[in-house]
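# Observations on chain architecture
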Amino acid sequence: MKAIFNILLALVLSLPVYAQNLKATTYDFPDSVDTSSREIELQKKQIFSDDEGRVYATNNFPAARLNDFERVNGRFYNAIIKAENAPINNSAWYAFKIWSGEEKNIWIRFLYEGGSPRYIPKLSSDGENWQPIDSTRFTFVDDGSAMMNIDVSSDTLWVAAQEIMDSYRIGKWCEGLAEDKRVDFKSVGESKQGRELFYMDFKTGNGKKKDIIAVFSRQHPPEVTGFKAMQAFLDEILVNNQSAAFFEKYRVVVYPLLNPDGVDLGHWRHNTGGIDLNRDWAYYNQPETRQVADHLVNTVAKSKARVILGLDFHSTQEDIFYTLPDDSDSVKSVIPWFKRPWLDGIEASIDNYELNEESSGIGQPVTKGWFYTQFAAEGVTYEVGDEVPRVFIEKKARVAADQMMKVLLEHQE
Ligand SMILES: [Zn+2]
């Protein structure tokens, strides 16, 4: 009886440890940003009908953005693209479907309210397989608009700034990965509008006390090329010939879709709180940053582990790695020996490739600095160019994963 009592007592005493709900620490970054919620404008979902010209366009699907569509005259149309609010980074996302009662050739002028063109249109007949438009059929115009020439017919044509990778498609991709017994997939919370915050845990065994690599993506909805790099990077970790040895020592936790509302609403940049989530890693005013930060902090505590590396996948005009300064007095991560051989290894493994890196210290409340201030982890923003050929995005991401595993496994404590 005494023994049972003692066991029960031990269980009760151990409960608070497992029921703990830690909060990510706040941190006053040198360049603070006000991330309290602001109003956004929702686009009206509709079919735009030009009955006379028999041309129709719609924004009635996830990730769509087409704020207005009208015939100017003859076969010339205007497509109006607006951001969710302002001020905002110029990432003028658009996505719509278009069809016609008859086969014809039309011109569409993109008019960007509060921005200018950034993305070359990608076309698809099924929403899954995409090709960039022929370069002779699209041009940026000096007045800040852009002109596109397309053939329309009764077959629906998808036109989008980048391949559509919405929350449904991302969930399906995660489910596919989770067929691997090393991958767990679940939701760790909800966005402001109630969409799931996806989470994947790559590990063998219970993962306890293994050093953690944290992977983030899609804080910024249009940044599909960064997401594609993350997909190849994660796939490589699972199939690489170093995988077994890697998972003996390391664990990878993935938050692949930090801004599901922004993605599904076709936003240029922000969440439905009207905020750039990658400025909210100081006080976590937005539900997406709050929940992901707390979940990661609790995951680390429960497994008595540490985060050694944080990788946040984004897109911009060109490929670049934003890093923390090399081993210095002001910033010294728990793996100061990692970054240099990793980046050098990537560069050396790709023919005729010059790696682009820019280092800076802790400034605005972005994830790169947060990985360091919260965990003393190495923080890297993995940026992929908007129009980089997709085969190269995949190739480089696989090399980056291979070299990461190599450097981590070769290091002797
Ligand atoms: Zn970004």
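What counts and what doesn't
Residues numbered from 1 in each chain as written. Predicted model: local features only at pLDDT ≥ 70, side-chain atom pairs only at ≥ 80, totals over all residues. Heavy atoms only, no water. Domains from an automatic or database assignment. Contact = heavy atoms within 4.5 Å. Buried area = accessible area lost by both parts, 1.4 Å probe. Donors = N, O, S within 2.8 Å, 3.2 Å for Na, K, Ca; no water. Tetrahedral: all angles 85-135°; square planar, octahedral: opposite > 155°, others 65-115°. Helix = DSSP H or I, 4+ residues; strand = E, 2+ residues; numbered from the N terminus. Buried < 20%, exposed > 50% of the residue type's maximum accessible area, 1.4 Å probe, protein only. Core = buried A, V, L, I, M, F, W, Y, C linked by side-chain atoms within 4.5 Å. Polar contact = N/O pair within 3.5 Å; in protein donor to acceptor, adjacent residues only side chain to side chain. Pairing = 2+ DSSP bridges. 1 Å grid on protein atoms, 1.4 Å probe; cavity = no way out; pocket = protein on both sides within 12 Å on 5 of 7 lines; lining within 4 Å. Points joined across faces, edges and corners; volume = space filled by probe spheres on them. Nonpolar A, V, L, I, M, F, W, Y, C, P; charged D, E, K, R; others polar. Salt bridge = Lys/Arg side-chain N within 4 Å of Asp/Glu carboxyl O. Expected span 1.5 Å × (residues − 1).

## Some thoughts on the domain arrangement of the protein chain
Domain annotation for the protein chain reports domain 1 (20–38 + 165–410) and domain 2 (47–160). Every contact between the two is made by 20 residues of domain 1 and, on the other side, 26 residues of domain 2. A combined buried area of about 1,900 Å² lies between domain 1 and domain 2, and 50% of that area is made up of carbon and sulfur atoms. The largest contributions to the domain 1 side of the interface with domain 2 come from R169, W268 and E387, which together make up 40% of the buried area.

## Some details on the coordination of the zinc ion
Metal coordination angles in their ideal form are 109.5 degrees for the four-donor tetrahedron and 90 or 180 degrees for the six-donor octahedron. Distances from the zinc ion to its protein donors, H220 (ND1), E223 (OE), E223 (OE) and H314 (ND1), fall within 2.1 to 2.6 Å. Geometry at the zinc ion is irregular, judged from its four donor atoms and the angles of 55 to 146 degrees they form at the metal. Taken in sequence order, the residues that donate to the zinc ion follow the motif H-x2-E-x90-H. Taken together, the positions of H220 in the loop between β14 (211–217) and α3 (224–239) and H314 in strand β16 (residues 307–316) put the pair 94 residues apart, joining distant regions of the chain. In this structure, H220 and H314 share a single accessibility class: buried.

## Examining the nonpolar core
Counting residues in each nonpolar core, the largest one holds 52 residues, and the members touching the most others are L234, W342 and M404. When residues of this core are assigned to their parent elements, the largest contribution, nine residues, is made by helix α9 (residues 390–410). Once residues within four sequence positions are removed from consideration, L234 is found in contact with W173, M200, F202, V215, V252 and V254. A79, W93, F96 and V224 belong to the second largest nonpolar core, which has 39 residues in total.

## Describing the side chain of S303
Here S303 lies in the loop between α6 (287–302) and β16. A polar contact is formed between the side chain of S303 and the backbone oxygen of T299, at a distance of 2.4 Å. The residues touching S303, leaving out its near neighbours within four places in the chain, are G207, K208, K209 and R251.

## Observations concerning the environment of Q317
Here Q317 lies in the loop between β16 and β17 (320–323). A relative accessible area of 59% places Q317 in the exposed class. Each C-alpha atom, one on Q317 and one on E354, is 16 Å from the other, the two residues being 37 residues apart in sequence. Not counting chain neighbours up to four residues away, the residues in contact with Q317 comprise R118, G385 and D386.

## Re the pairing of β16
In terms of burial, β16 is largely enclosed, as ten of its ten residues are buried. With six bridges connecting them, β14 and β16 associate as parallel partners. Note that in β16 the partner of I213 across the bridge is L309. Two strands pair when backbone bridges link them, and β16 and strand β19 (residues 378–385) are joined in this way by eight bridges, in the parallel orientation. Within the sheet, the bridge partner assigned to F313 lies in β19 and is Y382.

## Details of the layout of surface pockets
The volume enclosed by the largest pocket comes to roughly 440 Å³. The wall of the largest pocket is formed by 24 residues, among which N278, R279, Y322, V366 and E383 lie closest to the centre. Among the elements of the structure, β16, α8 (367–375) and β19 are those that each provide at least two residues to the lining of the largest pocket. The class makeup of the residues in the lining of the largest pocket is three nonpolar, 13 polar and eight charged.

## Side note on the pattern of salt bridges
Opposite charge on two side chains makes pairing possible when the charged atoms of those side chains draw close. Across all of its chains, the model carries 35 salt bridges by this definition. Measuring nitrogen to oxygen at the nearest pair gives 3.0 Å for the salt bridge that ties D50 to R71. Within this pair, whereas D50 is found in strand β1 (residues 47–50), its partner R71 is found in strand β3 (residues 68–73), the two being separated by 21 residues in sequence. On the accessibility criterion, D50 (11% relative accessible area) is buried.

## Considerations on α3
The end-to-end C-alpha distance of α3, which contains 16 residues, comes to 23 Å, matching closely the 22 Å that a straight helix rising 1.5 Å per residue would cover. The element α3 is largely enclosed, with a buried count of 13 among its 16 residues.

## Details of empty space enclosed by the protein
Unfilled space is identified by rolling a water-sized probe across the atoms. In total, this model carries three cavities of 30 Å³ or more according to the counting rule given. If you add up the space inside the second largest cavity, you get close to 40 Å³. The wall of the second largest cavity is formed by A63, W93, M165, D166, R218, P221, G262, V263, G266 and H267. Partitioning the lining of the second largest cavity into residue classes produces five nonpolar, three polar and two charged.

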